[in-house]
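# Descriptive analysis of the structure
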Amino acid sequence: MTTLGTGLVRARRWLRGHPFALDGALAVSVLAAMVCASFAEPDPGHGPVFGVRTPAPFSAVLMVLGAGALVLRRRNPVAVLAVTGVLSALEFLVMDPPAPVVMSSVIALFTVAASTDRPTTWRVGLLTMVVLTVTAMAVGSAPWYSQQNVGVLAWTGLAAAAGDAVRSRRAFIDAIRERAERAERTREEEARRRVAEERLRIARDLHDVVAHHIALVNVQAGVAAHVMDKRPDQAKEALAHVREASRSALNELRSTVGLLRQSGDPEAPTEPAPGLAVLGGLVDTFRNAGLPVELACTDRDGPLPAAVDLAAYRIIQEALTNVRKHAGAGARAEVSVVRVGATAEITVLDNGAGAGTGRTDGYDDRDRHGLIGMRERVTALGGTLTAGPRYGGGFRVHAILPVMSRTGGPERPAAAERTGGCA
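Keep in mind it's a predicted model, so treat the numbers as computed, not measured.

Strands sit in the order 3-4-5-7-6 across an open sheet of 5 strands; the sheet is mixed. Of all the strands in the sheet, just strand 3 (293-297) and strand 6 (384-389) have a single pairing partner and so form its edges. Shown here is a sheet whose adjacent strand axes are inclined to one another by a mean of 10 degrees, direction ignored. As judged from the 6 bridges shared by strand 6 and strand 7 (residues 395-402), these two strands associate in the antiparallel manner. By the bridge assignment, Thr386 is partnered in strand 7 with His398. Helix 9 (residues 279-288) rests against strand 3 and strand 4 (333-340) of the sheet, and its axis sits at about 165 degrees to strand 3.

All right, on to the pairing of strand 5 (residues 343-350) then. Along any regular strand the residues' side chains alternate between the sheet's two faces. Counting buried positions along strand 5 gives 6 out of 8 residues, so the element sits mostly inside the fold. Sheet analysis places strand 4 next to strand 5, joined by 8 bridges and oriented antiparallel. When the sheet's bridge partners are listed, Val340 is paired in strand 5 with Thr343. A loop of 2 residues connects strand 4 with strand 5, the two strands running antiparallel in sequence, and Gly341 in this loop sits at a positive phi of about 65 degrees. Direction of pairing for strand 5 relative to strand 7: antiparallel, over a ladder of 8 bridges. Within the sheet, the bridge partner assigned to Leu349 lies in strand 7 and is Arg396.

It is worth spelling out the nonpolar core at this point. With 34 residues, the main nonpolar core has Val293, Ile316, Leu320, Ile346 and Val397 as its most contacted residues. If you list the elements that add at least two residues to this core, you get helix 9, helix 10 (306-326), strand 4, strand 5, helix 11 (368-380) and strand 7. Among the nonpolar cores identified, the runner-up in size contains 20 residues, and Met34, Ala108, Leu109 and Ala160 belong to it.

Take the packing of helix 3 (residues 57-69) against helix 4 (residues 77-94) next. Viewed as axis vectors pointing N to C, helix 3 and helix 4 meet at an angle of 165 degrees, and their least axial separation amounts to 9 Å. In terms of orientation, helix 3 lies roughly antiparallel with respect to helix 4. Crossing handedness for the pair helix 3 and helix 4: left-handed. Contacts between helix 3 and helix 4 pair Phe58, Ser59, Leu62, Leu65, Gly66 and Ala69 from the former with Val80, Val83, Thr84, Leu87, Leu90, Glu91 and Val94 from the latter. Its residues assigned to classes, the contact of helix 3 with helix 4 shows 9 nonpolar, 3 polar and 1 charged.

Cut-offs applied
Throughout, residues of each chain are indexed from 1 in the direction in which the sequence is written. Residue-level local features of this predicted model are given only where pLDDT is at least 70; pairs of side-chain atoms are given and counted only at 80 or more, and the full residue set underlies all totals for whole chains, interfaces and linings. Here the side-chain values reflect all heavy atoms present in the structure, with hydrogen atoms and water set aside. By definition, two strands form a pair when at least two bridges between them are found by DSSP. In this description a helix means any DSSP run of H or I spanning at least four residues, a strand means any run of E spanning at least two, and both kinds are numbered starting from the N terminus. To get an axis, a line is fitted to the C-alpha atoms, and for a helix only the part in contact is used. The angle between two axes follows their N-to-C directions and goes from 0 to 180 degrees. It only takes one pair of heavy atoms within 4.5 Å for two residues to be counted as in contact. Each residue's exposure class comes from its accessible area (1.4 Å probe, protein chains only) as a fraction of the maximum for that residue type: buried when under 20%, exposed when over 50%, partly exposed otherwise. Residue types Ala, Val, Leu, Ile, Met, Phe, Trp, Tyr and Cys, when buried and joined through side-chain atoms within 4.5 Å, form a set referred to as a nonpolar core. To sort the angles, those under 35 degrees are grouped as roughly parallel, those over 145 as roughly antiparallel, those from 65 to 115 as roughly perpendicular, and the leftovers as oblique. Take the far helix as your reference; a near helix turned counterclockwise from it by less than a right angle gives a left-handed crossing, and one turned clockwise gives a right-handed crossing. Gly is placed with the polar residues, together with every amino acid not listed as nonpolar (Ala, Val, Leu, Ile, Met, Phe, Trp, Tyr, Cys and Pro) or charged (Asp, Glu, Lys and Arg).

So this is what it looks like as structure tokens:
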């Protein structure tokens, strides 16, 4: 059975790839059926009787022409139907009893119904049925209600109905296939979009972590190298800050990279992401690096949602990192976190004039990635961010983050995600 099924599948594929061969085989089959039926004489009492009559040469020519026209039925089905209809009507008019040339018209009508729309099928089908049936009833010697005449009406109507059903089924299958392909494309596009968003988020986190901690390590290492010979105690303190900043960077990198683990890898860390609860420690690292920072934080309404809390922490971290790198010597920074209604406002100010950049805003083009990362974080939460030079010198970063969720209710972080207020 397997071999037979495989052979049928191969034959079907070959016939689909060679439609004219299939139509030629169909034409030969229809011609053989018409020739066999032309030798039969219907007998109402005992069924058809063969060998009683012989088709005339004119009928044989019409049968050959009608069957031959079916070879072109896919290329121009309406023209083939017109040709076979004329040949069938001519057989009814000339020969009595007629040869079954109408069989070619039935096949042609089926092809028209299967390859066109329903209105065309109705119009062409009704016209074919009326012309052939009326011609057969009007010119034949048999009564108009004979089974041969009724058979012409029945077979033409059946051909139109069967062709329309085949067309409807093909359209239904094509629609299902198109919906499945569209759904597959949509799933693939959604998967690619989510992968791109996740890559962007991870890259943003890595930038924040690396830029902050590496900047502190660089500053403290420079201090240690400068005072190593004259003040070894201060150099040891600077190296201790380098070690602490390195450890913090490694821990945060481990947490971020842990998101890339596969299902079979060890479990990722479950400790909460950094937030305003550890803002005091973040500020202390900058103070230890030589940047005076003043912190003002109000948190009367409880902890912020986890996403807002992390975004606020990262914005302050990136802004202070840029101040330390580019504001120049003697710069000071001010950080404030204020809850105003359903929003949280984060402001980072500095009075620096830039370190060798020749600009008053304290930033150069190399730090636009940090500004872009802050803006993307704020935009993802539905907030706004403004960053630019201050009047009189320095730079100002101001972010407004919505505390309410997109659904209108307050976002309450889970127990493992709750963070405290500003420290």
